[in-house]
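# Coordinate inspection notes
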Amino acid sequence: MLQLANKRILLGISGGIAAYKSAELVRTLTKAGATVRVIMTAGAMEFITPLTLQALSGNPVHHALLDETAEAGMGHIELARWADTILIAPASADLIARLAAGMGDDLLTTVCLASSAPLCLAPAMNQQMWAAATTKNNLSTLARLRGDALALFGPGSGAQACGDIGLGRMLEPEAIAQQLADRFVSGTLAGKQVVITAGPTREALDPVRYISNHSSGKMGYALAQAALEAGAQVTLISGPVSLPVPERITLVPVTSAADMLTASLATLGQCDVFIASAAVADYRPAAVAEQKIKKAGDEIQLTLVKNPDIIATVAHHPQRPFSVGFAAETHDVDSYARDKLERKNLDMIIANDVSRQDIGFGAENNAVTLYSRHGTTEFDVMNKTLLARQLIAAIAQQLKAQ
Ligand code: C5P
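Reading the values: rules and limits
- Residues numbered from 1 in each chain as written.
- Predicted model: local features only at pLDDT ≥ 70, side-chain atom pairs only at ≥ 80, totals over all residues.
- Heavy atoms only, no water.
- Near = heavy atom within 4 Å.
- Polar contact = N/O pair within 3.5 Å; in protein donor to acceptor, adjacent residues only side chain to side chain.
- 1 Å grid on protein atoms, 1.4 Å probe; cavity = no way out; pocket = protein on both sides within 12 Å on 5 of 7 lines; lining within 4 Å.
- Sits in = over half its atoms within 2 Å of the grid points.
- Helix = DSSP H or I, 4+ residues; strand = E, 2+ residues; numbered from the N terminus.
- Nonpolar A, V, L, I, M, F, W, Y, C, P; charged D, E, K, R; others polar.
- Buried < 20%, exposed > 50% of the residue type's maximum accessible area, 1.4 Å probe, protein only.
- Contact = heavy atoms within 4.5 Å.
- Pairing = 2+ DSSP bridges.
- Axes fitted to C-alpha atoms, helices over the stretch in contact; angles between N-to-C directions.
- Parallel < 35°, antiparallel > 145°, perpendicular 65-115°, else oblique.
- Left-handed = near helix turned anticlockwise from the far one by under 90°.
- Phe/Tyr/Trp six-rings, centres within 6.5 Å; stacked < 30°, edge-to-face > 60°.
- Lys NZ or Arg CZ within 6 Å of the ring centre and 35° of its normal.
- Core = buried A, V, L, I, M, F, W, Y, C linked by side-chain atoms within 4.5 Å.
- Patch = residues over 30% accessible without salt bridge, like charges linked within 9 Å, V, L, I, M, F, W, Y side chains within 5 Å.
- Areas by Shrake-Rupley, 256 points an atom, 1.4 Å probe, with all protein chains shown as cover.
- Salt bridge = Lys/Arg side-chain N within 4 Å of Asp/Glu carboxyl O.

The next thing to look at is the site of the ligand. If you check the shell around the ligand, you find Ala-276, Ala-278, Val-280, Asp-282, Pro-308, Asp-309, Ile-310, Ile-311, Gly-325, Phe-326, Lys-340 and Lys-344 and nothing else. For the ligand, a nitrogen atom lies 2.9 Å from a polar atom in the backbone of Ile-310. The backbone of Phe-326 places a nitrogen or oxygen atom 2.7 Å from an oxygen atom of the ligand. Put simply, the ligand lies in the largest pocket. Elements that contribute at least two residues to the shell around the ligand include exactly helix H12 (310-315) and strand S16 (322-329). A per-class count over the shell around the ligand returns 7 nonpolar, 1 polar and 4 charged.

The next point concerns the side chain of Asp-106. Tracing the sequence through the fold places Asp-106 in the loop between helix H5 (93-100) and helix H6 (107-114). According to the relative accessible area criterion, Asp-106 is buried, its value standing at 15%. A distance of 3.1 Å separates the side chain of Asp-106 from the side chain of Arg-98, its partner in a polar contact. Ignoring anything within four residues of it in the chain, the contact list for Asp-106 reads Thr-41, Leu-65 and Arg-98.

Spatially, S2-S1-S3-S4-S5 is the arrangement adopted by the 5 strands of the open sheet, whose pairing is parallel. Each having just a single partner strand, strand S2 (35-40) and strand S5 (150-152) make up the two edges of the open sheet. Looking at each pair of strands side by side, their axes are set apart by 20 degrees on average, direction ignored. In terms of strand pairing, strand S3 (residues 85-91) meets strand S4 (residues 119-123) through 4 bridges, oriented parallel. By the bridge assignment for S4, Leu-87 is matched with Cys-120. Contacts from H6 reach strand S1 (8-13), S2, S3 and S4, with the element oriented near 145 degrees to S3.

Following both chains from N to C, one finds H5 and helix H8 (residues 133-146) inclined at 45 degrees, their axes separated by 9 Å at the closest point. The pairing of H5 with H8 is recorded here as oblique in orientation. Between H5 and H8 the crossing geometry is left-handed. Between H5 and H8, the residues in contact are Ala-93, Ile-96, Ala-97, Leu-99 and Ala-100 and Thr-135, Asn-138, Leu-139, Thr-141, Leu-142 and Leu-145, respectively.

On inspection of all chains with the given rule, the structure shows 0 aromatic pairs. Taking the ring centre of Trp-82 as reference, the NZ or CZ of Arg-37 above it sits at 5.7 Å.

What follows deals with the environment of Ala-278. Structurally, Ala-278 is set in the loop between strand S13 (273-276) and strand S14 (283-285). For Ala-278, a relative accessible area of 16% gives the class buried. For the pair Ala-278 and Gly-239, spaced 39 residues apart in sequence, the C-alpha to C-alpha distance is 7.6 Å. Contacts of Ala-278, omitting those with residues within four sequence positions, involve Thr-197, Ala-198, Gly-199 and Met-260.

Right, let's talk about the nonpolar core for a bit. One broad rule of soluble globular proteins: the nonpolar side chains tend to lie buried together. Grouped together as the largest cluster of nonpolar side chains are 35 residues, with contacts concentrated most on Leu-189, Ile-275, Leu-391 and Ile-392. Dropping the residues within four chain positions of it, Leu-189 is found in contact with Val-194, Ala-227, Ala-230, Gly-231, Ala-232, Ile-392, Ala-396 and Leu-399. Formed by 34 residues, the second largest nonpolar core is a distinct cluster that contains Leu-4, Ala-44, Val-61 and Leu-180.

With respect to the secondary-structure elements, Thr-235 resides in strand S11 (residues 233-238). Judged by relative accessible area, which is 16%, Thr-235 ranks as buried. Those residues in contact with Thr-235 that lie beyond four places of it in its chain are Val-194, Val-195, Ile-196, Thr-250 and Val-252.

As a packed pair, H5 and H6 sit with axes 10 Å apart at the nearest point and diverge in direction by 40 degrees. In terms of their interaxial angle, H5 and H6 are classed as oblique. For the pair H5 and H6, the sense of crossing is right-handed. Residues Leu-95, Arg-98 and Leu-99 of H5 form the contact with H6, whose participating residues are Leu-108, Thr-109 and Cys-112. In terms of residue class, the contact of H5 with H6 is built from 4 nonpolar, 1 polar and 1 charged.

Let's shift gears to a nonpolar patch on the surface. Together, Ile-17, Tyr-20 and Phe-47 line one region of the surface with nonpolar side chains, adding up to about 340 Å² of accessible area. By the element assignment, Tyr-20 lies in helix H1 (residues 20-31). Looking at Tyr-20, the relative accessible area reads 53%, which means it is exposed.

Opposite charge on two side chains makes pairing possible when the charged atoms of those side chains draw close. Scanning all chains against the criterion turns up 15 salt bridges. Across the salt bridge formed by Arg-338 and Asp-334, the nearest N and O atoms sit 3.0 Å from each other. Here Arg-338 pairs with Asp-334, and both are found in helix H13 (residues 333-343), just 4 residues apart, close to one helical turn. Residue Asp-334 is classed as partly exposed on the basis of its relative accessible area, which comes to 37%. Three or more residues are tied together by salt bridges with common partners; here these are Asp-94, Arg-98, Asp-105 and Asp-106.

Taken by themselves, the reported measurements are silent on function.
Below, the structure written as structure tokens:
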């Protein structure tokens, strides 16, 4: 089945008879889970009305470059940044020429210039225009300048609206949507609800002080992003960190382990995968002083009590999701990790050696070993974003096998 869950597709429509198929294309893309915004050229509006595309996409249609109100509250730079991919279907010979020349004489070409998103073109034109040396030259210029960030879908061959027979027909909407979906790495968690805990917890001592740790939250935030890319609906239950709030992810900010537990339990029933990457404080002060603790003698005694184990509570719950934990160890990584896998009733545990300076807490890179009921897998040192994608792929694979 076609999967485009969570993907933001900016659909450009240029002038050509094939523009009538763009309405069906919008439907196909939105049915596959994508959010679609449409930009039309002046030529496109001769063939199909913005109202049709607005109704089908559920979003205002954009066409004017310099009229802020017509830009419907989203300027060309915002649109350029918003898109995961720009798809132009139909892409006319004129539009391809303007793109190749780097022109920005209307909204669509300007957004293409201003965006770093990959560009996919579904050309549609008369067979003679497609065969024209100038069109070929424009396409090879675009391909050379854009490299991997350019894809051509079609054109197909057959009878044309003008009566000719040959290459130049726009592909059918279903085929365009399929080629687009194939360009995204994975839809392996499409339709799944993934909950991730991340960052440290803070355990209050009094109104101004707390006990905490150095967790940066980077691994958890990277996992949330990777799960989103894989098509999941993601809830990130995060302790206090200084990372940007991720887009398209439901962020539940928490402070203490108790808050994190409450937020975690509230997701059960609708949660398919629970990943505990938070560095939860193992203990909290037995009592929180109502007023600031005053400086007195040379020593002070703190009584700490054990915090609930969040992942163990989730993984022993009657509505337990597929449960993944982390184990940060300084020694005997293997035996501690296996012990936690059993004791906490997990499906998987991801272990790393935090005695190494180059990886783990706060670092950009990490190297881990994944333990599950089916064996172990080593992931060598790599950047946390890449590692997160590989871990999510491994989780999706085991989830499917269950
Ligand atoms: O037992 P330890 O703290 O080493 O276990 C680490 C794993 O357990 C991590 O996945 C962490 O997020 C989770 N954990 C938890 N609640 C705690 C302590 C740890 O969910 N109170």
